[in-house]
Amino acid sequence: MTEWQNEILPWLSLHMIPRLGNTVIGRLIENFGNPERVFDAGIPELMKIVGIKPEVARYIAGRTSIRVAEKELKMVESQGARIITFADSSYPELLRQIHNPPIILYAKGIDFPKDKQSIAIVGSRNPTHYGFDAAETFGFDFAIRGVTVISGMAKGIDSAAHMGCLRGGGFTVAVIGTGIDVVYPAENKKLFKQIAENGVIFSEFSMGSPPEPWNFPIRNRIISGLCEGIVVVEATKKSGSLITASLALEQNREVFAVPGSIHSFKSTGTHHLIKQGACLAEKADDVLEELGFSRKFAKNGNLKKQNGGFPSNLDTREKRIYEILSDYPIHMDQIMREGKFEPGEAASILMEMELKGLIKQLPGKMFVL
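Here the structure is a predicted model, which is why all the values come from computation and not from measurement.

Calculation rules
Counting of residues starts from 1 at the beginning of each chain's written sequence and follows it residue by residue. The predicted origin of the model limits local features to residues at a pLDDT of at least 70 and limits the giving and counting of side-chain atom pairs to 80 or more, whereas totals for whole chains, interfaces and linings rest on all residues. The basis for the side-chain values is all heavy atoms of the structure; hydrogens and waters are excluded. Throughout, nonpolar core names a set of buried Ala, Val, Leu, Ile, Met, Phe, Trp, Tyr and Cys residues whose side chains join them through atoms within 4.5 Å. The rule is simple: take the accessible area with a 1.4 Å probe, protein chains only, and divide by the maximum for that residue type; under 20% is buried, over 50% is exposed, in between is partly exposed. Secondary structure elements follow DSSP: runs of H or I no shorter than four residues count as helices, runs of E no shorter than two count as strands, and numbering proceeds from the N terminus. Only heavy atoms matter for contacts: two residues are in contact if any of them lie within 4.5 Å across the pair. Only strands that DSSP links by at least two bridges are regarded as paired with each other. In the sections that follow, a salt bridge refers to a side-chain nitrogen of Lys or Arg positioned within 4 Å of a carboxyl oxygen of Asp or Glu.

K.L.:
So what exactly am I meant to see when it comes to the nonpolar core here?
P.N.:
Inside soluble globular proteins, nonpolar side chains tend to come together where they are buried. Among the nonpolar cores identified, the biggest contains 42 residues, and Leu12, Leu14, Leu28, Leu46, Ile52, Ile60 and Tyr106 are the most heavily contacted of them. Of all the secondary-structure elements, those providing two or more residues to this core are helix H1 (3-15), helix H2 (22-32), helix H3 (35-40), helix H5 (54-61), helix H6 (64-78), strand S2 (104-109) and helix H10 (189-198). When neighbours within four sequence positions are excluded, Leu28 is seen to be in contact with Leu14, Leu20, Gly33, Val38, Leu46, Ile49, Ile52 and Ile60. Grouped together as the second largest cluster of nonpolar side chains are 29 residues, Leu105, Phe112, Ala120 and Phe202 included.

K.L.:
What should I look at first to understand the sheet that holds strand S12 (residues 366-368) in this one?
P.N.:
Pairing between the strands of a sheet comes from backbone hydrogen bonds, and it takes one of two forms, parallel or antiparallel. Pairing in this open sheet of 3 strands is antiparallel, and the strands run S10-S12-S11 from one edge to the other. Of all the strands in the sheet, just strand S10 (330-331) and strand S11 (360-362) have a single pairing partner and so form its edges. In the sheet, S10 pairs with S12 via 2 bridges, with the strands oriented antiparallel. Considered in S12, the bridge of Ile330 is made with Phe367.

K.L.:
When you look at the pattern of salt bridges in this model, what are you seeing that I'm missing?
P.N.:
A side chain with one charge can pair with a side chain of the opposite charge if their charged atoms come near. Within this structure, the stated rule accounts for 11 salt bridges. For Asp285, the salt bridge goes to Arg145, with nearest N and O atoms at 2.8 Å. Of this pair, Asp285 sits in helix H14 (residues 284-291) while Arg145 sits in the loop between helix H8 (129-144) and strand S4 (148-151), and the two are 140 residues apart along the sequence. Neither Asp285 nor Arg145 differs from the other in exposure class; each is buried. Several salt bridges converge on common partners, so that one network encompasses Glu93, Arg96 and Lys114.

Right, dumping it as structure tokens:
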């Protein structure tokens, strides 16, 4: 076994003990000095620690979890992943500061950058087009400003935030509620690979852990713990994103909410946060200014719109339509009325713009950028 494996194994062995949480593990390490000494202790000594039951003490003294951890470590390495312990210099500093931090992190990808600010983006798994676009835009704009984007790689807002950050050439972190070898949802297999190549994926859960419902509230404290501020995009009042926002407040993080339509049920949660004192965020710079962050652009970043706000390949009529359209769906009749187009003319221009990838047609002859 290598020196690195010998250093990891005692920590992983503690993690693999059934019914032993991070808080009690912390007490064990504080009392005995390090994980190795925990396994050298006798049952009477272990029983003196608050939270240690007789069956757990016997399990520790029997060193059974060490054998389990050896198998776990082999599986981790076979997946091209690694273990980061609480004592490791690469363990994220902000995460150390929270209540009940994970004693180990399973990681796949590049080391978490310590010299960059970080913002989390969370929200609905079933967003509107507006919400998806907003999350992607925030992710992109943070990326080109050199800010790390953190989310949970769930469907919807999480995925949009990661994709926006990747498109902007930024560093993104996915904190997942499964084992590091389980891609959930399955449709995010490509996104999982992209994040592992351009950022990092973190998990607290053992190899092979399925997406159990109770895993996600547990992982949410890591999402908020890794960041200096959290942006909520589209969430109902019962959304798990509001739980993450609550955790962020407990961890002394700033909470931001992106406003939505007054007619959208999906925005009731974000509007509730704003009423409760969350900072309203219309753009990335609102967040950066509130947190006192620098707004320098990353070297490899590009602004979403250039040349006076228009893409470079638009003719005069297309520019008129581009000015009319926004992130909110607009009906073709309104486009014709505001742009002073004939029906056939508008349909032709809209089709051409859609082929260029500049706009998107939604059901009911509705269009968005």
